[in-house]
Amino acid sequence: METDCSHMELSSNTEIEEDSEFQDFERTDVKDMRLEAEAVVNDVLFAVSNMFVSKSLPCSDDVAYINVETRERNKYCLELSEAGLRVVGYAFDQVDDNIQTPYHETIYSLLDTLSPAYREAFGNALLRRLEALKQDGQS
């Protein structure tokens, strides 16, 4: 079966780019990486001393920066991108282009390599959660 598409106006597609809804969609991308960074922070804040999305480093549609202080009092600046998370500095809001650290798929993996105290806090939280589930199951 053959379809005749000659009646469609292809020129109307170019108007989409100028449409305000499309522009809002583009701006949403920038917010999404920042939202992703906020979600990362909220997920593990209980197991570190301090953690927050950088307000001084630029957030774009493909990268955001997170400052973290481990329970051992070590400070890091983390880059969050589609490639994952990696250390880019050893102080808050610091990006050192000379640092070549590996990407981690998750914040858990990254913090596990940086902080034994994180590992312990995460393990203890997991045990408490399992105990609570066990108690709920016995009721």
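Residues numbered from 1 in each chain as written. Predicted model: local features only at pLDDT ≥ 70, side-chain atom pairs only at ≥ 80, totals over all residues. Heavy atoms only, no water.

1. Observations regarding the packing of aromatic side chains
As enumerated under the stated definition, the model contains five aromatic pairs in all. Consider the rings of Tyr76 and Tyr90, whose centres lie 5.9 Å apart with planes at 65 degrees: the pair is edge-to-face. Of the two residues, Tyr76 sits in strand β3 (residues 75–81) while Tyr90 sits in the loop between β4 (84–89) and α3 (107–114), which places them 14 residues apart along the sequence. Geometrically, the ring pair formed by Tyr118 and Phe122 is tilted, given 5.7 Å between the ring centres and 35 degrees between the ring planes. With Tyr118 and Phe122 both in helix α4 (residues 116–138), this residue pair falls four residues apart, about one helical turn. (Phe/Tyr/Trp six-rings, centres within 6.5 Å; stacked < 30°, edge-to-face > 60°. Helix = DSSP H or I, 4+ residues; strand = E, 2+ residues; numbered from the N terminus.)

2. Observations concerning unusual backbone geometry
In this structure, Arg73 takes a positive phi of about 75 degrees despite not being glycine. With respect to the element layout, Arg73 can be found in the loop between β2 (63–69) and β3. One non-glycine residue, Asp93, adopts positive backbone phi at about 55 degrees.

3. What about the nonpolar core?
In this structure, Met51, Ile66, Leu78 and Ile107 are the most contacted members of the largest nonpolar core, which totals 23 residues. At the level of elements, α2 (20–44), β1 (50–53), β2, β3, β4, α3 and α4 are the ones that each hand at least two residues to this core. Examining the composition of this core, we find that five residues originate from one element, α2, more than from any other. With five residues, the next largest nonpolar core counts Leu57, Val63, Tyr65 and Val88 among its residues. (Core = buried A, V, L, I, M, F, W, Y, C linked by side-chain atoms within 4.5 Å. Buried < 20%, exposed > 50% of the residue type's maximum accessible area, 1.4 Å probe, protein only.)

4. Here we look at the pairing of β2
Here β2 lies mainly inside the structure; seven of its seven residues are buried. Of the two faces of β2, the one lined by Val63, Tyr65, Asn67 and Glu69 and the one lined by Ala64, Ile66 and Val68 are each fully buried. Where β1 meets β2, four bridges bridge the pair, whose relative direction is antiparallel. Counterpart to Phe52 in the pairing with β2 is Asn67. (Pairing = 2+ DSSP bridges.)

5. Observations concerning the sheet that holds β3
Read from one edge to the other, the open sheet built from four strands follows the order β1-β2-β3-β4, with strand pairing classed as antiparallel. Each end of this open sheet is capped by a strand with a single partner; those strands are β1 and β4. Within the sheet, the average angular offset between the axes of one strand and its neighbour, ignoring direction, is 25 degrees. (Axes fitted to C-alpha atoms, helices over the stretch in contact; angles between N-to-C directions.)

6. Re α3
Those residues of α3 not exposed but buried are Ile107, Leu110, Leu111 and Leu114. Down the axis of α3, the smallest arc covering the buried residues is 90 degrees, so these residues share one side. (Arc of directions from axis to C-beta.)

7. A short note on the packing of α3 against α4
The N-to-C vectors of α3 and α4 enclose an angle of 125 degrees; their axes lie 5 Å apart at closest approach. Considered as vectors, α3 and α4 are oriented oblique to each other. In contact with Tyr108, Leu111, Asp112 and Leu114 of α3, α4 contributes Pro116, Tyr118, Arg119 and Phe122. Classifying every residue of the contact of α3 with α4 by side-chain character gives six nonpolar, no polar and two charged. (Parallel < 35°, antiparallel > 145°, perpendicular 65-115°, else oblique. Contact = heavy atoms within 4.5 Å. Nonpolar A, V, L, I, M, F, W, Y, C, P; charged D, E, K, R; others polar.)

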